[in-house]
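One letter stands for each residue in the lines below.
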Amino acid sequence: MECEWKPDEQGLQQVLQLLRESQSPDTSTQRSVQQRLEQLNQYPDFNNYLIFVLTKLKSEDEPTRSLSGLILKNNVKAHYQSFPNGVSDFIKSECLQNIGDSSPLIRATVGILITTIASKGELQNWPELLPKLCLLLDSEDYNTCEGAFGALQKICEDSAEILDSDMLDRPLNIMIPKFLQFFKHSSPKIRSHAIACVNQFIISRTQALMLHIDPFIENLFALATDEESEVRKNVCRALVMLLEVRMDRLLPHMHNIIQYMLLRTQDQDENVALEACEFWLTLAEQPVCKDVLCGHLHQLTPVLVNGMKYSEIDIILLKGDIEEDEAIPDNEQDIRPRFHRSRTVAQHHEADGIEEEGDDEDDDLDDDDTISDWNLRKCSAAALDVLANVFRDDLLLHILPLLKELLFHPEWVVKESGILVLGAIAEGCMQGMITYLPELIPHLVQCLSDKKALVRSITCWTLSRYAHWVVSQPPDVYFKPLMTELLKRILDSNKRVQEAACSAFATLEEEACTELVPYLAYILDTLVFAFSKYQHKNLLILYDAIGTLADSVGHHLNKPEYIQMLMPPLIQKWNQLKDEDKDLFPLLECLSSVATALQSGFLPYCEPVYQRCVNLVQKTLAQAMLHQTQPDQYESPDKDFMIVALDLLSGLAEGLGGSIEQLVARSNILTLMYQCMQDKMPEVRQSSFALLGDLTKASFQHVKPCIADFMPILGTNLNPELISVCNNATWAIGEISIQMGPEMQPYIAMVLHQLVEIINRPNTPKTLLENTAITIGRLGYVCPQEVAPMLQQFIRPWCTSLRNIRDNEEKDSAFRGICTMISVNPGGVVQDFIFFCDAVASWVNPKEDLRDMFCKILHGFKNQVGEENWGRFSDQFPLPLKERLQSLYGV
């Protein structure tokens, strides 16, 4: 037996001195502590001193001993591989001997240390760990049992996957039955550990747990009314997860589980209530929701509504009593990172105004961001929202009686929760709500000037959820008063209200579109004034409101007086921001929308904006190269800067058209794009293909020399797994072919097969199908001999995907292509001719020469088959199609 390691007295004093200094608040002391730590890490047995202080040196105070363990934990994280064997063995044996220390703090620290060593791939190299910890669970000594369980819970959290793999000979087969025995232990802390350990294995449907699923569920039911809130919380968490993975086992008990969860959602302990409230959110996603819950709605609705009130703690944290805070600068930590959504090129549809589903991620229940983000109020509101979508107007039976009481309640907290309820049900219960909106909307518009800021801010959000209805009514009745009041709230003296009003206004802009035009001067007045008023965080939301305004009114913004109001403050911000500042993202996005809307009106501003975008792309690429060649010296860049810059360049190209030609001539943008088109990150490629298409339209003479380099890259990016990349590459190929004309011929083979495959793929998104069809049509227009032989392979999906898009240039060139191909290969369309007829009939007014092409093909086909056969054939047509072809083309 090797003799026990002993510390050297002088060394020990040094380590203790260091531990004391590291608790000092002074930063320079902290810095010297860091340097000293790095020096001491050169000595292999420094870590022995640290474990010695943690486990043996009972004379020191607990915080110092625990700190020693935490420094050791960081060393294990960073350098465990280089610990000498003697040192790691000493640490391991000390940990196992002291897991039952009488101090909860020391036990927890030892537990963290054990789990850190285990997660360093050491579960395999420390075979005695799990058996030993499981053995210690049976100790008579409470501290030993609790310490071992604490460590096991952390290991189950950190290493659940390895525990369930063959690498370790499946220890869970022993551990899970063992944990289940402790559900009935006399100590609440231990009961809680036991459930928490088993809970780690529910979602992954771990075999060892599935074998014991019935005893597990029985044990959970037995603990349902435990006096310890931590135990109740873990029971609720388990039931929520079981709902997702073992609904079959819960269904027989569903009535009782729902009754139980109703109680727990009202638990005195908010953490328990929050876990229980998740149950309704999860249940709403299950197909059985409607059946199992319909009988309980009358009980559940008041419970959820009640949970939507602000708690007293919320109001304190939200500074709900401070009404005016507009002059107080923001705390930088509170500003959330924003995500830029890259450009995707899409077609305009006949029935415009029908959004693609999943397009409204902006109006989540995000009214009080900064509070411990997820709380009972938000969870209750989210649950009500999803349940409204499941039960639709059936939910209103239970909600309306409650709403009447809440919305006119004298206490502001109650009234505020009523307004939140009204917003939460807006999507699901819209049909049933329409009867009440004529009296509710004016009431809400009145609430916008309530004396409580938290009432004003929630009212902004709720009104935005009904914006679609408001805009569908005569403008003077609801739209104008709502807009007027919202613009006042944008200039509120409370920052939370400013933020809510700005977001709500952006939603209203999207719904109203050109309805806003008569009020543009008034709107711009307000938004520009807000520039001088807003603190940092709300400025970012203001950019969004301005960008959305530009998207909504388009060229109507291009008037000298509007430009004079809007551009100076935007350019002033633009000049203030440094290239590294993430605030550039929303500003660049905003300018991109503004440039596209202003078109020639943006010319005076375009040169510096263009230059800076090119520089941002260049800087990012250079930084990426450095990082690739010397990863130790250089960090990898934030590529969002490059993506946002490429998107703004697209906006400029789209807005300025041919006027961008000189800027392109004087810059190296095409060389940079060549690199971006080959970037590893899909979003970079996506944005560079969008820019390629826009530059092709705006100044092809500069793009043309690069086509031989670009086309093979476009060909390799026609992979429908990455929808947006594929979509933009497809669109760019179509734009290039129009400009290249017959010279496109050498490149057809690089792309045609992939495009035909995509158009025939099941479940391809609509936008991608439409762009693919247009590009195939355009390729056939410029090179009919190359594309027409494949006509039969794509004609049917081609026709069905283009019948719904509006008459426009892209549709025009695509149909000219299809007609040209049919004249080269008429046999390719025979079997699917009815689809072609239907697609032709989707044109409202084609240009004269395109109409003649349609006429020629239809009459040619009719003459080919003869009057009688044509009669039989056209009898299969739906009546509107038959009449339309008869009146427009005389067939």
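**Looking at the overall build of the protein**
Here is step 1: Looking only at helices and strands, one finds 49 helices and zero strands in the protein.
Here is step 2: By principal-axis analysis of the C-alpha atoms, the protein measures approximately 100 × 65 × 60 Å.
Here is step 3: A buried classification covers 57% of the 891 residues belonging to the protein.
Here is step 4: Of the contacts formed within the protein by residues at least 6 apart in sequence, a portion of 75% connects residues at least 24 apart.
Here is step 5: In the form shown here, the protein has an accessible surface area of approximately 39,600 Å², with 52% of it arising from carbon and sulfur atoms.

**A few points about the packing of aromatic side chains**
Here is step 1: In the structure shown here, the tally under the stated rule is 23 aromatic pairs.
Here is step 2: An angle of 90° between the planes, with centres 5.2 Å apart, marks the rings of Phe-149 and Phe-182 as edge-to-face. With a gap of 33 residues between them, Phe-149 in helix H8 (residues 142-163) and Phe-182 in the loop between helix H9 (172-181) and helix H10 (188-199) connect regions that are remote in the sequence. Accessibility classification places Phe-149 together with Phe-182 in one group, the buried group.
Here is step 3: Note on Phe-531 and Tyr-543: the rings are 6.1 Å apart at their centroids and 55° apart in plane angle, and the pair reads as tilted. Separated by twelve residues along the polypeptide, Phe-531 in helix H29 (residues 520-533) and Tyr-543 in helix H30 (residues 536-553) bring together distant segments of the chain.
Here is step 4: Members of the aromatic cluster, each reached through a chain of ring pairs, are Phe-833, Phe-836, Phe-861, Trp-870, Phe-873 and Phe-877.
Here is step 5: The residue whose ring lies beneath Arg-377 is Tyr-310, and the NZ or CZ to ring-centre distance is 3.7 Å.
Here is step 6: A cation over an aromatic ring shows up here: Arg-612 above the ring of Trp-574, its NZ or CZ 4.8 Å from the ring centre.

**Details of the environment of Lys-766**
Here is step 1: Note on placement: Lys-766 falls in helix H42 (residues 766-782).
Here is step 2: Spatially, the C-alpha atoms of Lys-766 and Gln-446 are 42 Å apart, while their sequence positions differ by 320 residues.

**Description of a negative patch on the surface**
Here is step 1: On the surface, Glu-510, Glu-511, Asp-544 and Asp-551 cluster together into a negatively charged patch.
Here is step 2: Listing elements by their share of the negative patch, those giving two or more residues are helix H28 (495-512) and H30.
Here is step 3: Note that Asp-544 resides in helix H30.

**Comments concerning the pattern of salt bridges**
Here is step 1: Going through the model one piece at a time under the given rule, you end up with 43 salt bridges.
Here is step 2: A salt bridge links Glu-146 to Arg-107, with the nearest nitrogen and oxygen atoms 2.7 Å apart. Here the residue Glu-146 occupies a position in helix H8, and Arg-107 occupies one in helix H6 (residues 104-122), the gap between them amounting to 39 residues.
Here is step 3: Judged by its relative accessible area of 7%, Glu-146 falls in the buried class.
Here is step 4: Through salt bridges with shared partners, a single network forms among Arg-456, Glu-485, Lys-488, Arg-489 and Asp-492.

**Details of unusual backbone geometry**
For residues that are not glycine, phi is negative in most cases, and the peptide bond is trans in most cases.
Here is step 1: Despite not being glycine, Arg-392 shows a phi value in the positive range, around 50°.
Here is step 2: Residue placement: Arg-392 occurs in the loop between helix H20 (376-391) and helix H21 (396-407).
Here is step 3: Arg-392 gets classed as partly exposed once you look at its relative accessible area, which sits at 42%.
Here is step 4: Unusually for a residue other than glycine, Cys-513 sits at a positive phi of about 50°.
Here is step 5: The class of Cys-513 is partly exposed, set by a relative accessible area of 32%.

**Some points on the state of the cysteines**
Disulfides are covalent bonds that connect the sulfur atoms of two cysteines.
Here is step 1: Overall, the coordinates contain zero disulfides when judged by the stated rule.
Here is step 2: Cys-855 takes part in no disulfide bond, and the closest cysteine sulfur, belonging to Cys-819, lies 11 Å away.

**Let's talk about the environment of Ile-257**
Here is step 1: If you trace the backbone, Ile-257 turns up in helix H15 (residues 254-264).
Here is step 2: Looking at Ile-257, the relative accessible area reads 3%, which means it is buried.
Here is step 3: A C-alpha to C-alpha distance of 23 Å links Ile-257 and Lys-378, two positions 121 residues apart in sequence.
Here is step 4: The contact partners of Ile-257, leaving out residues within four places of it in the chain, are Phe-221, Leu-250 and Phe-279.

**Points about helix H25 (residues 453-465)**
Here is step 1: Taking 1.5 Å of rise per residue, 13 residues should cover 18 Å, and H25 covers 19 Å from first to last C-alpha, within 8% of that figure.
Here is step 2: Within H25, 13 of the 13 residues are buried, which leaves it mostly tucked inside the rest of the structure.

**What to know about the packing of helix H33 (residues 603-629) against helix H34 (residues 640-656)**
Here is step 1: Remark: H33 packs on H34, axes separated minimally by 9 Å, with the N-to-C direction vectors making an angle of 150°. Relative to H34, the element H33 lies roughly antiparallel. Of the two elements, H33 crosses H34, and the hand of that crossing is left-handed. On the side of H33, the interface is formed by Leu-603, Cys-606, Val-609, Tyr-610, Cys-613, Val-614, Leu-616, Val-617, Thr-620 and Leu-621, while H34 contributes Phe-641, Met-642, Ala-645, Leu-646, Leu-648, Leu-649, Leu-652 and Leu-656.
Here is step 2: Partitioned by chemical class, the residues of the contact of H33 with H34 number 17 nonpolar, one polar and no charged.

**Quick notes on the confidence of the model for the protein**
Here is step 1: Taken over all residues, the pLDDT of the protein has a mean of 90, while the share at 70 or more is 95%.
Here is step 2: For residues 351-372, every residue scores under 50 in pLDDT, and the model assigns this stretch 36 contacts once sequence neighbours within four places are set aside.

**Focus: the side chain of Ser-464**
Here is step 1: Within the secondary structure layout, Ser-464 lies in helix H25.
Here is step 2: Residues contacting Ser-464, with those up to four places away along its chain left out, are Ala-504 and Thr-507.

**Focus on the nonpolar core**
Here is step 1: If you look at the biggest cluster of nonpolar residues, it comprises 314 residues, and the most contacted ones within it are Trp-280 and Phe-602.
Here is step 2: Sorting elements by how many residues they give to this core places H34 first, with eleven residues.
Here is step 3: Counting residues in hydrophobic clusters, the runner-up holds five residues, among them Tyr-310, Leu-318, Val-413 and Leu-454.

**Considering the packing of helix H44 (residues 791-802) against helix H46 (residues 833-841)**
Here is step 1: Taken N-terminus to C-terminus, the directions of H44 and H46 make an angle of 25°; their axes are 9 Å apart at the nearest point. Judged by the angle between their axes, H44 and H46 are roughly parallel. For the pair H44 and H46, the sense of crossing is left-handed. The residues of H46 that touch H44, namely those facing Arg-796, Cys-799 and Thr-800, are Phe-835, Phe-836 and Ala-839.
Here is step 2: Grouping the amino acids of the contact of H44 with H46 by side-chain chemistry returns four nonpolar, one polar and one charged.

Cut-off values and rules
- Residues numbered from 1 in each chain as written.
- Predicted model: local features only at pLDDT ≥ 70, side-chain atom pairs only at ≥ 80, totals over all residues.
- Heavy atoms only, no water.
- Helix = DSSP H or I, 4+ residues; strand = E, 2+ residues; numbered from the N terminus.
- Buried < 20%, exposed > 50% of the residue type's maximum accessible area, 1.4 Å probe, protein only.
- Contact = heavy atoms within 4.5 Å.
- Areas by Shrake-Rupley, 256 points an atom, 1.4 Å probe, with all protein chains shown as cover.
- Phe/Tyr/Trp six-rings, centres within 6.5 Å; stacked < 30°, edge-to-face > 60°.
- Lys NZ or Arg CZ within 6 Å of the ring centre and 35° of its normal.
- Patch = residues over 30% accessible without salt bridge, like charges linked within 9 Å, V, L, I, M, F, W, Y side chains within 5 Å.
- Salt bridge = Lys/Arg side-chain N within 4 Å of Asp/Glu carboxyl O.
- Lys, Arg positive; Asp, Glu negative; His and termini not counted.
- Charge placed at Lys NZ, Arg CZ, Asp CG, Glu CD.
- Disulfide = S-S within 2.5 Å.
- Expected span 1.5 Å × (residues − 1).
- Axes fitted to C-alpha atoms, helices over the stretch in contact; angles between N-to-C directions.
- Parallel < 35°, antiparallel > 145°, perpendicular 65-115°, else oblique.
- Left-handed = near helix turned anticlockwise from the far one by under 90°.
- Nonpolar A, V, L, I, M, F, W, Y, C, P; charged D, E, K, R; others polar.
- pLDDT = per-residue confidence, 0-100.
- Core = buried A, V, L, I, M, F, W, Y, C linked by side-chain atoms within 4.5 Å.

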